[in-house]
Amino acid sequence: MTEAWILVYDQEAGTALTRSARALADRVVAVSLGAGALATADLTLTVDVAPGTLVEAYARPVAALLAERGATLVLAGADVRGRLLAGQVAAHLGVSPVDVAGVVQASPLVVTHPAYGGVAVVTEEVTAPVAVLVVAAGAPGPAATPPVSGSSAVEASALEPEPGLVLVETRAKSGEQVNLASATRVVGVGRGFGAEADLDLARAVAAKLGAELACSRPIAEGVGWMPAERYVGVSGATIAPDLYLAVGISGQVQHLVGVRGAKVVVAINKDKNAPIFAHADLGVVGDLYEVLPALVAAL
Amino acid sequence: MRIVACIKAAPEDQDIHVAPDRTLDLSRAAWKVGAYDLNAVEAGRRLVDEVGGELVGLSMGGEALAATKLRKDVLSRGLDRLVVVAGDPAGDALQTATALAAAVNEIGDVDLVLLGAGSADRYAQQVGTVLGALLGRPTLNAVDHLEVQRDHVRVERLLEDGVQVVDVPLPAVLAVTSGINTPRIAGMKDILAAGKKPVLEVTPPVGAPAATTRTVSVLAPEQKDRGRVLVEGTATEVAQQLAQFLKAL
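Residues numbered from 1 in each chain as written. Chains lettered and ligands numbered in written order. Predicted model: local features only at pLDDT ≥ 70, side-chain atom pairs only at ≥ 80, totals over all residues. Heavy atoms only, no water.

1. Here we look at the overall build of chain B
Now for step 1: From N to C terminus, chain B includes six helices and 15 strands.
Now for step 2: In terms of principal-axis extent, the alpha carbons of chain B reach across some 65 × 40 × 40 Å.
Now for step 3: Contacts in chain B between residues far apart in sequence, at least 24 positions, make up 73% of those at least 6 positions apart. (Helix = DSSP H or I, 4+ residues; strand = E, 2+ residues; numbered from the N terminus. Contact = heavy atoms within 4.5 Å.)

Written out as structure tokens, the structure is:
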């Protein structure tokens, strides 16, 4: 029987990670750092996290625990904390963490991840005795798989954090919360917009369609018209909505890699030769400044 | 304070040619320092300007690192000197971090190691996390703001749903976000000065760790079959067609 270990510090993310783990193994054991027992796991080792301590301070003792229990397959989420935890646990186990955007097969384990800004997909087989995977949301397999409940046994595990980092405070993020990954319709904006105020044209269409607004990298990291959470692309969000409407986006691979999972792609661009049209189900050649207001009127 | 900024040269992805069989031709791609690495260089420069000390660039890689143009480019962005370690740029995070850790120890008395969010080629964002563990130093990623306060650095770390304020004792390893600063654009004076800055080549450590994975293939992603219907006409006409299409979804 194969066994997967998951590193958890949040109930919701932990449940999603169990789902990924179940696609690779029959039995799932969670190491829960301050997040309590996980109902979807077969066994949870609960670790109390002292106040003012980061979950990552447990990387070394968690690695020691995994080694002692003979873990050969370990999964962490591809969020900021998951990456640090996985990287450090892997290093302490003497292996490299493996970035996983997709799983080709479970045994032997073959995974994929993008490279060169989305120009390429690397397929690789994990050959090390221990696999520490950093798993993107929804990989492997469809995110809609019904959650399988485990036997949810619980065992308390006393681990000592490493001293050093001191968590002074945690603040809520300023500004709005965005979850593009769960949006069913998304309108993406790019460099075709000449001024920040013009984005209202796209907002009006998004409002009509009940869509979330997203953008390409230059809009978020170049001119800063939108927060980084709305940036879709290789180093931003990866989305899989039912509809992606790209407006004024030329279609660089770096952006396209983030919307590959969209069911339907529609593009509006004034350049007939824009690469986006080769990746769209429906392409509209036209000036967004004329087409968007007309579209709002027609919807 | 002595700060090391880690940088990686990678082929410019705009220049990568994709053949119909999805194989890649990298031969015409120019090698450049990753855009995110420049955030680490800039953050290091600002700290050194503020508290004094030295900013050392550190890079592991192959032939590309021998190019004068690339060396001058990165030196012109604010480094005081550059240390280069020979190694395989396609190595995994553990292999890369092992070489960087040996170089950091050889440079000596390093108070802070900075890295960018991720490399331009793999963007696995893992070299910093592994490097910190190998060096046995406090380590954080996603650092969006940092400030030196006597013997420690106070950082703001950008999580998906919040911001952590963390005190990090020195020496430490920190990976910064792409939003922490806007890297400077080198002027003619900086480029001329860069040619005179020292570059040191250090020998890689013996006995590199075994690779964690075996590469099966590196190919362009499979094209999803899209409708590729193009409509043209007046704004009103195309908007009507588009609205009809969208309503039918």
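The discussion continues.
2. Examining the overall build of chain A
Now for step 1: The helix and strand inventory of chain A stands at seven helices and 16 strands.
Now for step 2: Projecting the C-alpha coordinates of chain A onto the three principal axes gives extents of approximately 65 × 45 × 30 Å.
Now for step 3: Taking all 299 residues of chain A together, 56% fall into the buried category.
Now for step 4: Counting contacts in chain A only where the partners sit at least 6 residues apart, residues at least 24 apart contribute 59% of the total.
Now for step 5: For chain A, the centre of its 19 positive side-chain charges and the centre of its 28 negative side-chain charges are spaced 5 Å apart. (Buried < 20%, exposed > 50% of the residue type's maximum accessible area, 1.4 Å probe, protein only. Lys, Arg positive; Asp, Glu negative; His and termini not counted. Charge placed at Lys NZ, Arg CZ, Asp CG, Glu CD.)

3. Regarding helix α7 (residues 288-298) of chain A
Now for step 1: Within α7 of chain A the residues assigned to the buried category are Leu288, Val291, Leu292, Ala294, Leu295 and Ala298 of chain A.
Now for step 2: If you follow the buried residues of α7 of chain A, they end up packed against α4 (199-209), β14 (243-247), β15 (264-269) and β16 (282-285) of chain A together with α6 (235-248) of chain B.
Now for step 3: Between the side-chain oxygen of the N-cap and the backbone nitrogen of Tyr289 of chain A there are 3.0 Å, and the N-cap of α7 of chain A in question is Asp287 of chain A. (Polar contact = N/O pair within 3.5 Å; in protein donor to acceptor, adjacent residues only side chain to side chain.)

4. Some points on the packing of aromatic side chains
Now for step 1: Following the criterion strictly, the structure yields two aromatic pairs over all chains and no others.
Now for step 2: Note on Phe193 of chain A and Tyr289 of chain A: the rings are 6.5 Å apart at their centroids and 55° apart in plane angle, and the pair reads as tilted. Taken as a pair, Phe193 of chain A in the loop between β12 (185-189) and α4 and Tyr289 of chain A in helix α7 lie far apart in primary sequence, 96 residues in all.
Now for step 3: Relative accessible area serves as the criterion here: at 31%, Tyr289 of chain A is assigned to the partly exposed category.
Now for step 4: Taking 5.5 Å as the distance between ring centres and 45° as the angle between the ring planes, the aromatic pair formed by Tyr36 of chain B and Tyr123 of chain B counts as tilted. Taken as a pair, Tyr36 of chain B in the loop between β5 (31-33) and α1 (37-51) and Tyr123 of chain B in the loop between β8 (112-115) and α4 (127-135) lie far apart in primary sequence, 87 residues in all.
Now for step 5: For Tyr123 of chain B, a relative accessible area of 16% puts it in the buried group. (Phe/Tyr/Trp six-rings, centres within 6.5 Å; stacked < 30°, edge-to-face > 60°.)

5. Examining α6 of chain B
All names here are of chain B.
Now for step 1: The terminal C-alpha atoms of α6, which comprises 14 residues, lie 20 Å apart, in line with the 20 Å expected from a rise of 1.5 Å per residue.
Now for step 2: When we look at burial in α6, the residues that qualify are Ala235, Val238, Ala239, Leu242, Ala243 and Leu246. In a view along the axis of α6, the buried residues occupy a sector of 135°, so they form one face of it. Across from the buried face of α6, at angles greater than 90 degrees, the exposed residues are Gln244, Lys247 and Ala248. (Expected span 1.5 Å × (residues − 1). Arc of directions from axis to C-beta.)

6. Examining the pattern of salt bridges
Now for step 1: Under the definition given, this model contains 28 salt bridges over all chains.
Now for step 2: Residue Lys272 of chain A is joined to Glu232 of chain B by a salt bridge in which the shortest nitrogen-to-oxygen separation is 3.2 Å. In this pair, Lys272 of chain A is assigned in the loop between β15 and β16 and Glu232 of chain B in the loop between β15 (229-231) and α6, connecting two distinct chains.
Now for step 3: A relative accessible area of 44% means that Lys272 of chain A is categorised as partly exposed.
Now for step 4: Residue class for Glu232 of chain B comes out partly exposed when judged on its relative accessible area of 46%. (Salt bridge = Lys/Arg side-chain N within 4 Å of Asp/Glu carboxyl O.)

7. Some points on the interface of chain B and chain A
Now for step 1: Contacts between chain B and chain A engage 76 residues on the former and 80 residues on the latter.
Now for step 2: Taking both sides of the interface into account, the surface hidden between chain B and chain A amounts to around 6,800 Å²; carbon and sulfur atoms contribute 58%.
Now for step 3: Our count for the chain B to chain A interface comes out at six salt bridges.
Now for step 4: With a closest N to O distance of 3.4 Å, Arg226 of chain B and Asp281 of chain A form a salt bridge. (Buried area = accessible area lost by both parts, 1.4 Å probe.)

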